[in-house]
Amino acid sequence: MLKHKNILLGVCGSIAAYKSAVLVRLLVKAGANVKVILTNDAANFITPLTLATLSKNPVYTQYFEAETGVWSNHVELGLWADYFLVAPASANTIGKMANGLCDNLLTAAYLSAKCPVLFAPAMDLDMWQHESTQENISRLQQFGNIMIAPGTGELASGLHGQGRMAEPEEIVAFLATEISKNLPLLGKKALVTAGPTYEAIDPVRFVGNHSSGKMGFAIAERLQELGATVTLIAGPTALTTTKAINRIDVLSAEDMLHACTANFADSAITVMSAAVADYTPVEVAQQKIKKKEEHFSIELKKTTDILASLGNVKLENQVLVGFALETADEDNYAKDKLQRKNLDLIVLNSLNDKGAGFKVDTNKISIFNKNLEKITFETKSKTEVAKDICNEILKLVKTS
Ligand code: CTP
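The present account deals with the structure reproduced in this document. Given the structure is predicted, the values throughout are model-derived calculations rather than measurements.

Topic: the side chain of T133
Move 1: Among the structural elements, T133 can be located in helix α8 (residues 131–142).
Move 2: Among the polar contacts listed, one links the side chain of T133 to the backbone oxygen of M127, at a separation of 2.7 Å.
Move 3: Apart from the residues lying within four places of it in its own chain, the contact partners of T133 are A91, M123, M127 and W128.

Structural data, given as structure tokens:
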């Protein structure tokens, strides 16, 4: 859930600030990008160096760092964040947040943040129980901010009661659950094909292609990050996937056809990025073919066009996306495939573009939609291209 999420962590002056080291470590381990803002008092409890090292990012404490002359832009930090987490949230900072005060970088970033805000209070029992604190907390909750409630136990003052900041593990689990609630594809199934297919000639040889599968794997991961339950049908490739993706390995175009047919009906989104062989040998020799003749030919027959066959049975509420790899008259061929195969989107790769194609980590695509409008994109990493493709898919998925 936390992979690639931008988490802005605000740390206030509280003894619980020492736990923020573990919190940052857990967030980074879960794949999040973490930036930390410390209040002046927080920096007395935990050093910026510890959190900078763990988060792999500079730690922000002031609007203006006199020594370096660097000004920290609170608006940019607020906009960067997918989630703003204040942990530990002291009574003082909670009070400022509830009343629009912004006399430090943390509270200014809070006022600039457009994202969901979560706060994990940490304070002494008497401070926690004070009407003023409780009123400030309910004000924050009225703003839509989400409290990660403090636990009960021994407090730094020696008192026993509520006020202990939730443990870092609990905070991370809470955040992951919160993120999962906001995912746009939660409850949707997605089917993705990736990689080449191998068409056997004999027990040791095959007809194949150079597809690495990287584009399809990136799309599968992105759909999963957006909350979909993903089935990835992969041709032969050395790539690995997370456990969260249901991976079905296949070898030939025929295997891929069977796997797709079995999984298509309940898929809200299907993305066919595999480079499926268009032809397969008519006969597969049972024994290794010995070299004898000077010239040797293999008779090939057409494989089933999997994409077209799914397009034939596609229902109104299913989104079907195909790929086209072209070397000439790209736009017209792509538009023709979109209509002929009854697709909702077609992603066009042109081998004429630098940085696009099989063996590179980047890709340059254009997408045509059903209205035959063309959306063009710059050359990007395949992970970024997957985001662009999924953004177009999101526009078409009916949320119900
Ligand atoms: N495709 C498929 N089954 C096949 C061949 C292709 O599902 N047997 C899918 C690919 O996964 C891709 C799309 O069809 O999404 C386009 O493949 P491409 O080979 O470019 O198109 P073709 O329809 O085979 O057209 P042509 O050979 O004329 O380029």
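What to know about the nonpolar core
Move 1: One finds L2, L27, V36, L85, I171 and L175 to be the most contacted residues of the largest nonpolar core, which totals 34 residues.
Move 2: Those elements that place two or more of their residues in this core are β1 (6–11), α1 (20–29), β2 (33–38), β6 (83–89), β7 (117–121) and α9 (168–181).
Move 3: If we ignore the near neighbours within four places in the chain, the residues touching L85 are I7, L8, L9, G10, L23, L27, L118, I148, I171 and L175.
Move 4: By size, the runner-up hydrophobic cluster in this structure holds 33 residues, among which are A218, F323, L345 and I393.

Structural notes on a nonpolar patch on the surface
Move 1: A cluster of nonpolar side chains, Y279, F296, I298 and L300, forms an exposed patch at the surface whose accessible area comes to about 380 Å².
Move 2: For Y279, the location among the structural elements is in strand β17 (residues 279–281).

Remarks on the site of the ligand
Move 1: M272, A274, L307, F323 and K341 are the nearest of the 15 residues found near the ligand.
Move 2: Burial of the ligand by the protein chains amounts to 76% of its free accessible area of 570 Å².
Move 3: Given that more than half its atoms are within 2 Å of the pocket grid, the ligand belongs to the largest pocket.
Move 4: Secondary-structure elements contributing two or more residues to the shell around the ligand are α12 (306–313) and β19 (319–326).
Move 5: For the shell around the ligand, the leading source of residues is β19, giving three residues.

Overview of the packing of aromatic side chains
Move 1: Across all of its chains, the model carries one aromatic pair by this definition.
Move 2: Plain terms: the ring middles of Y198 and F206 are 3.7 Å apart, the flat faces sit at 10° to each other, and that makes the pair stacked.
Move 3: Given a relative accessible area of 25%, Y198 falls into the partly exposed group.
Move 4: The ring centre of W80 lies 4.5 Å from the NZ or CZ of K35, which sits over that ring.

Here's the deal with the packing of α1 against helix α3 (residues 48–55)
Move 1: Viewed as axis vectors pointing N to C, α1 and α3 meet at an angle of 10°, and their least axial separation amounts to 9 Å. It follows from the interaxial angle that α1 and α3 lie roughly parallel. Judged by residue contacts, S20, A21, V24, R25 and V28 of α1 engage T50, L51, L54 and S55 from α3.
Move 2: Residue classes in the contact of α1 with α3 are distributed as five nonpolar, three polar and one charged.

As for the layout of surface pockets
Move 1: Here the largest pocket defines a volume of roughly 890 Å³.
Move 2: Lining the largest pocket are 34 residues, with A274, A275, V276, F323 and L325 positioned closest to its centre.
Move 3: Residue assignment for the lining of the largest pocket shows that the elements contributing at least two residues are α10 (214–225), α12, β19 and α13 (330–340).
Move 4: Ranked by residues supplied to the lining of the largest pocket, first place goes to β19 with four residues.
Move 5: Considering only enclosed or pocket space, the second largest pocket measures out at about 360 Å³ in volume.
Move 6: S14, I15, A16, M123 and A156 are, among the 20 residues lining the second largest pocket, the residues nearest its centre.
Move 7: Only α5 (91–99) and β10 (160–164) provide two or more residues apiece to the lining of the second largest pocket.

What counts and how
Here the residue numbers are simple positions, counted from 1 along each chain's written sequence. It should be noted that, the model being predicted, local features are given only for residues of pLDDT at least 70 and side-chain atom pairs only at 80 or more, the latter also being counted only at that level, while totals for whole chains, interfaces and linings use all residues. No hydrogens and no water enter the side-chain calculation; it runs on all heavy atoms of the structure. For the purposes of this entry, the term helix denotes a DSSP run of H or I that reaches at least four residues, the term strand denotes a run of E that reaches at least two, and both are numbered from the N terminus. Pairing of N or O atoms within 3.5 Å defines a polar contact, subject to two protein rules: one partner must be a possible hydrogen donor and the other a possible acceptor, and residues neighboring in sequence count only if both atoms are side-chain atoms. What makes two residues a contact is simply this: any of their non-hydrogen atoms within 4.5 Å. Only buried residues count toward a nonpolar core. Its members are Ala, Val, Leu, Ile, Met, Phe, Trp, Tyr and Cys residues joined through side-chain atoms within 4.5 Å. In this scheme, a residue with accessible area under 20% of its type's maximum is buried, one over 50% is exposed, and one in between is partly exposed, where area comes from a 1.4 Å probe on protein chains only. A patch consists of residues whose relative accessible area exceeds 30% and which take part in no salt bridge; residues with like charges are grouped when within 9 Å of each other, and nonpolar side chains (Val, Leu, Ile, Met, Phe, Trp, Tyr) when within 5 Å. All accessibility values rest on the Shrake-Rupley procedure with a 1.4 Å probe; residue burial counts only the protein chains present in the view. The salt bridge definition used is simple: a Lys or Arg side-chain nitrogen within 4 Å of an Asp or Glu carboxyl oxygen. Nearness of a residue to a molecule or strand requires only that one of the residue's heavy atoms be within 4 Å of it. Detection works on a 1 Å grid of protein atoms alone, calling trapped sets that fit a 1.4 Å probe cavities and calling open sets with protein on both sides within 12 Å along at least five of seven lines pockets, with lining residues defined by an atom within 4 Å of a point. Occupancy of a cavity or pocket is assigned to a molecule whenever over half of its atoms lie within 2 Å of that pocket's grid points. To pair, rings of Phe, Tyr and Trp, with the six-membered ring standing in for Trp, must have centres within 6.5 Å; the planes then decide the type, stacked if under 30 degrees apart, edge-to-face if over 60, and tilted in the middle. Definition used: whenever NZ (Lys) or CZ (Arg) falls within 6 Å of the ring centre and also within 35 degrees of the ring normal, the charge is taken to sit over that ring. Axis geometry follows a simple rule: fit a line to the C-alpha atoms, using only the stretch in contact for helices, then measure angles between N-to-C directions, giving values from 0 to 180 degrees. Any angle from 65 to 115 degrees is called roughly perpendicular, while one under 35 is roughly parallel, one over 145 is roughly antiparallel, and all others are oblique. Classification convention: Asp, Glu, Lys, Arg as charged; Ala, Val, Leu, Ile, Met, Phe, Trp, Tyr, Cys, Pro as nonpolar; all other residues, Gly among them, as polar. Grid points are joined across faces, edges and corners, and a volume is the space filled by probe spheres set on the points.

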